[in-house]
Amino acid sequence: MLGKRPQDGSHQLQEFVSELTANQGRLRAFLVSLMPGSPDIGDVLQETNIVLWKSRSRYRPGSNFLAWAFTIARLEVLHYRTRAKRQRIVLLSDDLLELMAVETPDDLDHEAYLRALESCKAKLPGKQRELIDVRYRPGYTLEAHARDTGRKASALRVALMRVRESLRECIEKSMEEHPA
Amino acid sequence: MSEVPPDKLHDRILALLDGTLDSAGIQQLDAELKAGRQARDLFRQLATLHSALEEQGEAKFRMVRTLIPIERLLADQRRGIVRKSLFAAAAVLLFSALALWVKMVPWAPITLGEFRAGSGAVFSVEHSEDRKDTAGNELGEGSRLRLGQGTIEVKFDSGVRCVLEGPADLTILADNRVRLPKGSAWFEVPPPAVGFTVETQQLTAVDLGTRFGVLARSDQGDQVHVIEGVVAVKATGADDDRQPLVIKAGDAREAMAGGGFREIDIHPGKFVTALPNPITFVDADISPATGNTVLDGPGSFGPTTSLKTNSQDGKWSIRTYSGVVGGSVIASGLDEDVEPRLRTTFRVPEEGRYAICGYFWNNEGGEGSWDAAFQLGSRGQMKTYSRLNAVNLASIPEEFTTDVPTHDGDGPVLFQAALGMWDTTRDGSEVTVFIDNGDSGIPGHDLRTWYDGVGFRRLPDH
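This is a predicted model, so every value here is computed, not measured.

For chain B, the helix and strand inventory stands at six helices and 29 strands. Within chain B, buried positions represent 54% of all 462 residues. Taking as baseline every contact in chain B between residues at least 6 positions apart, the subset at least 24 positions apart corresponds to 60%. Total accessible area on chain B is roughly 19900 Å²; 49% of this is exposed by carbon and sulfur atoms.

Here's what the structure looks like:
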């Protein structure tokens with residue numbers, strides 16, 4: 001009747017779960033950079049999480065979790081690319097991907113980044129903020145928004161690119177001024 | 001695909017991230033990115049921004065992303081193991097990456113755990129309608145424990161252990177979710193049960209694998225004290241997309257009116273972490289050489305007597321009394337001070353901290369008021385105990401490892417005086433208690449003392 005105490009090293013597993021949950025944003029951004037525009041990013045992220053979970057006994061508290069997770073994510077991306085190539089999906093080249101993976105820093109403070117994003121978004125004019133919200137609202141498209149507002153989708157798309165570029169510049173400036 | 005091919009690098013990157021860049025554009029971008037580090041840095045920055053905006057969008061519209069689907073665990077693990085740990089494992093893995101908030105999956109209506117009440121606990125248990133036949137100390141979904149006083153330990157099948165201190169009110173909502181509108185509760189959550197959630201009126205606390213205490217109070221802010229690990233808390237009624245506050249080991253927070261939390265000092269001692277151990281009663285024995293109790297100074301014991309008012313010779317006497325079951329007592333006279341005091345010495349069985357008690361008889365409701373004075377160790381001070389600051393054992397059904405004297409009629413009752421704490425690392429393994437006849441000053445009292453023995457209870461290690 002009574003539950004049995006688990007046999008896992010509690011501290012180690014606790015640290016592992018904390019790292020796994022805390023680094024989802026970084027892991028996701030890493031995958032976005034390796035498979036840009038793919039609708040399968042969520043699936044590859046899940047696969048990466050599963051491999052990490054199965055390998056959790058290898059994790060040592062205090063070690064660089066993100067570097068380890070990136071390595072596993074790269075392998076999962078390679079599996080994805082093999083499948084995608086079979087489907088003749090045009091991808092960025094393998095060489096470039098390798099370069100991108102190697103150059104990705106594993107010390108970006110994701111929480112600080114999100115705070116900077118919030119701050120920069122808050123500085124945007126209302127229309128631009130709305131455009132961002134529309135673009136990143138799950139299940140809603142710029143095309144639908146164009147129909148709803150009577151505007152041209154192409155014009156919205158161009159405007160969106162400008163807004164994101166200004167957001168990027170604002171965030172990079174903010175991160176430089178307030179390093180973690 | 002884009003109607004007009006983007007003519008700037010960052011536009012091409014964004015189009016790629018949006019999935020709207022055509023094959024030619026991808027090849028052009030590939031070459032540009034290979035050619036320069038700056039281009040790759042720009043790409044990485046835009047990819048990070050794109051990902052973060054997607055994260056925020058999901059959080060804003062309350063999408064909870066499953067980190068690892070449960071069915072994959074089912075497929076990957078032996079079913080026998082999973083059945084027991086499925087719920088807990090699901091809780092570990094169902095965290096939304098942004099909000100760390102858990103959505104619970106309904107679980108079959110089976111028994112989820114059981115409870116054990118500490119001695120002296122006054123409580124009631126209610127079960128939901130479909131569980132009205134729940135037996136004994138089993139608990140299921142909807143079971144509610146209302147604890148007036150004392151302590152109760154709940155053990156969930158998931159491995160979670162909770163110690164509740166009354167007055168408290170706890171309802172089991174699911175295998176790893178409870179509601180605590182009132183009371184003090186301490187939780188120990190093993191790793192597979194990470195995600196265990198405690199709801200109070202003012203906050204929701206999600207465990208990330210830890211030991212923590214929750215104090216739910218109707219008149220003040222609810223508190224969370226994290227002894228080990230990490231706990232995420234969120235104010236009740238806060239927006240779903242508001243980030244939970246993460247409390248680390250050694251920290252504590254109190255909910256404030258308006259939804260925020262303020263930092264407070266952690267007090268692990270506020271929480272009972274285990275049911276109290278039973279008390280071992282040590283009968284006072286003045287047998288020469290083998291006894292544990294002697295006169296603490298020159299003098300002699302008076303003659304053994306069964307007289308109602310024993311000898312008026314200023315000496316302690318062995319007293320028997322009709323109705324007292326469990327041996328004799330060491331008694332002083334009716335209205336005389338006795339010299340010298342008594343000293344009882346005994347050893348505790350192992351290293352640790354112990355609560356030490358003294359036992360004396362009180363003629364509660366009868367003639368006079370019989371008191372006793374005790375001093376724990378040579379560093380303590382002699383203090384008089386009466387019915388005002390000691391407890392009638394008959395009113396707190398304390399658990400003992402040994403037989404305790406009782407009275408089988410309407411005569412005197414045995415009282416328990418809490419003398420203090422004995423720490424073997426500081427005080428040694430041999431405990432000394434000094435006993436004198438008491439003078440409480442209660443109207444109608446006399447100087448009579450019936451001393452019967454001492455007791456010790458092992459306290460939990462912190």
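Now that the structure is up, let's keep going.
So, on to helix α2 (residues 23–35) of chain B. Residue and element names in this part refer to chain B. In a regular helix each residue adds 1.5 Å, so 13 residues correspond to 18 Å; α2 covers 19 Å between its end C-alpha atoms and thus fits that length. Those residues of α2 that fall on the buried side of the exposure criterion are G25, I26, L29, D30 and L33. The buried residues of α2 occupy one face: seen down the axis, they fall within an arc of 140 degrees. Facing away from the buried side of α2, by more than 90 degrees, are the exposed residues A24, Q27 and A35.

This paragraph deals with the environment of I172(B). Residues and elements named next belong to chain B. In this fold, I172 is placed in strand β6 (residues 161–174). Spatially, the C-alpha atom of I172 lies 9.7 Å from that of V198, the residues being 26 residues apart in sequence. Setting aside residues up to four positions removed in sequence, I172 forms contacts with L112, L139, G140, E141, G142, S143, F156, R177 and V178.

Once that is clear, we can look at unusual backbone geometry. All names here are of chain B. Here the amide bond leading from G166 into P167 is cis, since omega sits at 0 degrees, within 30 degrees of zero. The topology assignment puts P167 in strand β6. A cis amide bond links E339 with the next residue in sequence, P340, at an omega value of -10 degrees. Summarising the element assignment, P340 is placed in the loop between β20 (329–331) and β21 (342–347). Notably, A289 is not glycine yet its phi reads approximately 75 degrees, a positive angle. Taking relative accessible area as the criterion, A289 reaches 86% and is therefore assigned exposed.

So, about the state of the cysteines. All names here are of chain A. By the definition in use, this model includes one disulfide over all chains. Bridging C120 to C170, the disulfide has an S-S length of 2.0 Å. On the S-S bond that ties C120 to C170, the torsion sits near -85 degrees, and the link is left-handed. Of the two residues, C120 is situated in helix α6 (residues 110–123) and C170 in helix α9 (residues 153–177); the sequence distance between them amounts to 50 residues. Its relative accessible area of 3% is what places C120 among the buried residues.

All names here are of chain B. Taken together, five strands build an open sheet; the order of strands is β17-β21-β28-β23-β24 and the sheet is antiparallel. Bordering the open sheet on either side are β17 (293–295) and β24 (383–385), each of which pairs with just one other strand. Direction aside, neighbouring strands of the sheet carry axes that sit 30 degrees apart on average.

Below, the discussion takes up the pairing of β6(B). All names here are of chain B. The buried fraction of β6 amounts to 10 of the 14 residues, a majority that puts the element mostly inside the structure. As paired strands, strand β4 (residues 144–149) and β6 are joined by four bridges and run antiparallel to one another. The residue bridging R146 from the neighbouring strand is D169, located in β6. One ladder, built from five bridges, connects strand β5 (residues 151–156) with β6; its direction is antiparallel. Its bridge partner lying in β6, I152 is registered against L164. Where β5 folds back on β6, the antiparallel hairpin that results is connected by four residues, among which G159 adopts a positive phi of roughly 105 degrees. In this sheet, strand β7 (residues 177–188) lies alongside β6 in antiparallel orientation, the contact comprising nine bridges. Bridged to V163 within β7 is W186. Once β6 ends, the chain turns through two residues before running back antiparallel as β7.

Below, the discussion takes up the confidence of the model for chain B. All names here are of chain B. For chain B, mean pLDDT is 78; residues scoring 70 or higher make up 76% of the total. Taken as a whole, residues 73–109 scores under 50 in pLDDT and shows 93 contacts with residues more than four places along the chain or in a different chain. If you check the scores for this complex, the pTM reads 0.43 and the ipTM reads 0.89.

A separate point is the packing of helix α4 (residues 65–86) of chain A against helix α5 (residues 94–103) of chain A. Residue and element names in this part refer to chain A. Relative orientation of the contacting elements α4 and α5 amounts to 160 degrees, with a least axis distance of 12 Å. Comparing their axes, α5 and α4 come out roughly antiparallel. The crossing of α4 and α5 is right-handed. Counted together, R74, V77, R81 and K85 of α4 and D94, L97, E98, A101 and V102 of α5 form the full contact between these two elements. A class-by-class count of the residues in the contact of α4 with α5 yields four nonpolar, no polar and five charged.

The rules we used
- For every chain, the first residue of the written sequence is number 1, and numbering continues from 1 along that sequence.
- Think of it this way: whatever chain is written first is A, whatever ligand is written first is 1, and the rest follow in order.
- Restriction of local features to residues with pLDDT of at least 70 applies here, the model being predicted, together with a cutoff of 80 or more for giving and counting side-chain atom pairs; totals for whole chains, interfaces and linings are based on all residues.
- Hydrogens and water molecules were not included; the side-chain quantities draw on all heavy atoms of the structure.
- In this description a helix means any DSSP run of H or I spanning at least four residues, a strand means any run of E spanning at least two, and both kinds are numbered starting from the N terminus.
- Note on exposure labels: buried denotes an accessible area under 20% of the residue type's maximum, exposed denotes more than 50%, and partly exposed covers the range between, all computed with a 1.4 Å probe on protein chains only.
- We call two residues in contact whenever any of their non-hydrogen atoms come within 4.5 Å of each other.
- Throughout, the Shrake-Rupley method with a 1.4 Å probe supplies accessible areas, and for residues the shown protein chains are the sole cover considered.
- Expected span of a helix, by definition, is 1.5 Å for each gap between consecutive residues, and there is one gap fewer than residues.
- As used here, the arc is the angular range of directions from the helix axis to the C-beta atoms.
- When two cysteine sulfur atoms are found within 2.5 Å, that pair is recorded as a disulfide.
- One requirement defines pairing of two strands: DSSP has to find at least two bridges between them.
- The axes used here are C-alpha line fits, helices contributing only the stretch in contact, and every angle between their N-to-C directions lies in the interval 0 to 180 degrees.
- Known as pLDDT, the predictor's per-residue confidence is scaled from 0 to 100.
- By the definition adopted for this analysis, an angle is roughly parallel if under 35 degrees, roughly antiparallel if over 145, roughly perpendicular if from 65 to 115, and oblique otherwise.
- Left-handed describes a crossing whose near helix is turned anticlockwise from the far helix through less than a right angle; right-handed describes the clockwise counterpart.
- Any residue outside Ala, Val, Leu, Ile, Met, Phe, Trp, Tyr, Cys, Pro, Asp, Glu, Lys and Arg is labelled polar, Gly included; the first ten of those are nonpolar and the last four are charged.

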